[in-house]
Amino acid sequence: MVEILAAYSLSEILAILVAVALGVKGVISFYDWAVARLKQKFGKEEKNELNDRYLRLLAEYDNFKKRTVREKEAIYIDSAADTISQLLPVMDNLQRALDSFTDKENDFYKGFEMVYKQTQEIFTKMGVSEIKALGEEFNPELHNAVMHIEDENVTENTIVEEFQKGYTYKEKVIRYS
C-alpha cells in the first residue's frame, strides 16, 4: 500500500480521502481509485508482479492464522494436562482410602466412594482416560517397567502387576502406568 501511495502526490491522496470522508457523491472508494490509478500507471508486468506479491502475502497470512490456532490448542492441552496431573494424587489417595475400609456399608466409605466416582466422571467428561495395564502387553509409550518377573503361566512382556494407574488426556500421556 505504501508503494502505491508513493506513486502519487500528497495533494492527490488528500483530495480523494477528504472526498471519501465527506461522502461526496460520485467519488469512488479509495481502493477502487487506487486500482484504477494502478492500471493507468503500471504495465501488465508490474500488475502481475503486484498481484503475485498480494497472493503470496494472502497465503502467508492464512498460514499464520492456522499456525496460531494450532499453537493455542497446544497451549490449552498442555495447561489442562498439567492441571490434571496435579489432581491425580488426589484420585490415588481417594482410591487408597476406599481400599483401606473393611466395612463397605460404613457411611464414611460411601462418602469417599461418591467423591471418587464424581471425580472419575469429571475426568471422563474432560477426556481423561485410564491406561489399561493388567494383562496387557507392555508398551513403553504407555507403561513404565519397574521390575521383570519370570512366570511360565504368563506370556513374555505381559503386565502382571500395576503399582500406579496411568492416565491420558486427549491422546497425550499425563502419567505412565
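Residues numbered from 1 in each chain as written. Predicted model: local features only at pLDDT ≥ 70, side-chain atom pairs only at ≥ 80, totals over all residues. Heavy atoms only, no water.

K.L.:
Teacher, can you tell me more about unusual backbone geometry here?
P.N.:
Leaving glycine aside, a negative phi is the common case for residues, and trans is the common case for peptide bonds. At K170, a residue that is not glycine, the phi angle is positive and equals roughly 50°. With respect to the helices, strands and loops of the structure, K170 is situated in the loop between β2 (166–169) and β3 (172–175). Even without being glycine, E171 reaches a positive phi, approximately 70°. Mapped onto the secondary structure, E171 falls in the loop between β2 and β3. (Helix = DSSP H or I, 4+ residues; strand = E, 2+ residues; numbered from the N terminus.)

K.L.:
Help me understand the packing of aromatic side chains in this model?
P.N.:
Note on aromatic pairs: each is described by the distance of the centres and the angle between the planes. Under the counting rule described, the total for this entry stands at three aromatic pairs. Ring centres of F101 and Y109 lie 5.6 Å apart, and the angle between their planes is 80°; on these two criteria the pair is classed as edge-to-face. Judged on exposure class, the residue F101 and its partner Y109 are both buried. (Phe/Tyr/Trp six-rings, centres within 6.5 Å; stacked < 30°, edge-to-face > 60°. Buried < 20%, exposed > 50% of the residue type's maximum accessible area, 1.4 Å probe, protein only.)

K.L.:
In this structure, what is going on with the pattern of salt bridges? I would like to understand it.
P.N.:
Any two side chains of opposite charge can pair if their charged atoms end up close together. Inspection of the entire model under this criterion finds seven salt bridges. Between D52 and R56 there is a salt bridge; the shortest N-O distance is 3.1 Å. Of the two residues, D52 and R56 both sit in helix α4 (residues 44–100), four residues apart, roughly one turn of that helix. The partly exposed category is assigned to D52, whose relative accessible area is 36%. R56 gets classed as exposed once you look at its relative accessible area, which sits at 57%. With a closest N to O distance of 2.6 Å, K172 and D78 form a salt bridge. (Salt bridge = Lys/Arg side-chain N within 4 Å of Asp/Glu carboxyl O.)

K.L.:
Help me understand α4, please; the structure alone is not making it clear to me.
P.N.:
An α-helical turn contains 3.6 residues, so any two residues separated by three or four positions project in the same direction. Here α4 is 57 residues long and its end C-alpha atoms lie 84 Å apart, about the 84 Å a rise of 1.5 Å per residue gives. Listed in full, the buried residues belonging to α4 are A80, A81, I84, L88, M91, D92, L94, A97 and L98. On its buried face, α4 is in contact with α5 (107–126), β1 (128–131), β2 and β3. (Expected span 1.5 Å × (residues − 1). Contact = heavy atoms within 4.5 Å.)

K.L.:
Sorry, what's going on with the environment of G111 here?
P.N.:
Residue position: G111 is located in helix α5. Note on G111: relative accessible area 25%, which makes it partly exposed. Once the C-alpha coordinates of G111 and L98 are considered, the two residues, 13 residues apart in sequence, prove to be 9.7 Å apart.

K.L.:
Hey, could you run me through the sheet that holds β3 in this one?
P.N.:
Sheet strands pair via backbone hydrogen bonds, and the direction of the pair is either parallel or antiparallel. Strands sit in the order β1-β2-β3 across an open sheet of three strands; the sheet is antiparallel. Strand pairing shows two members of the sheet lacking a second neighbour, β1 and β3, which therefore form its edges. Neighbouring strand axes in the sheet, compared pairwise and without regard to direction, differ in orientation by 35° on average. (Pairing = 2+ DSSP bridges. Axes fitted to C-alpha atoms, helices over the stretch in contact; angles between N-to-C directions.)

Functional significance is not addressed by these values, which are geometric in nature.
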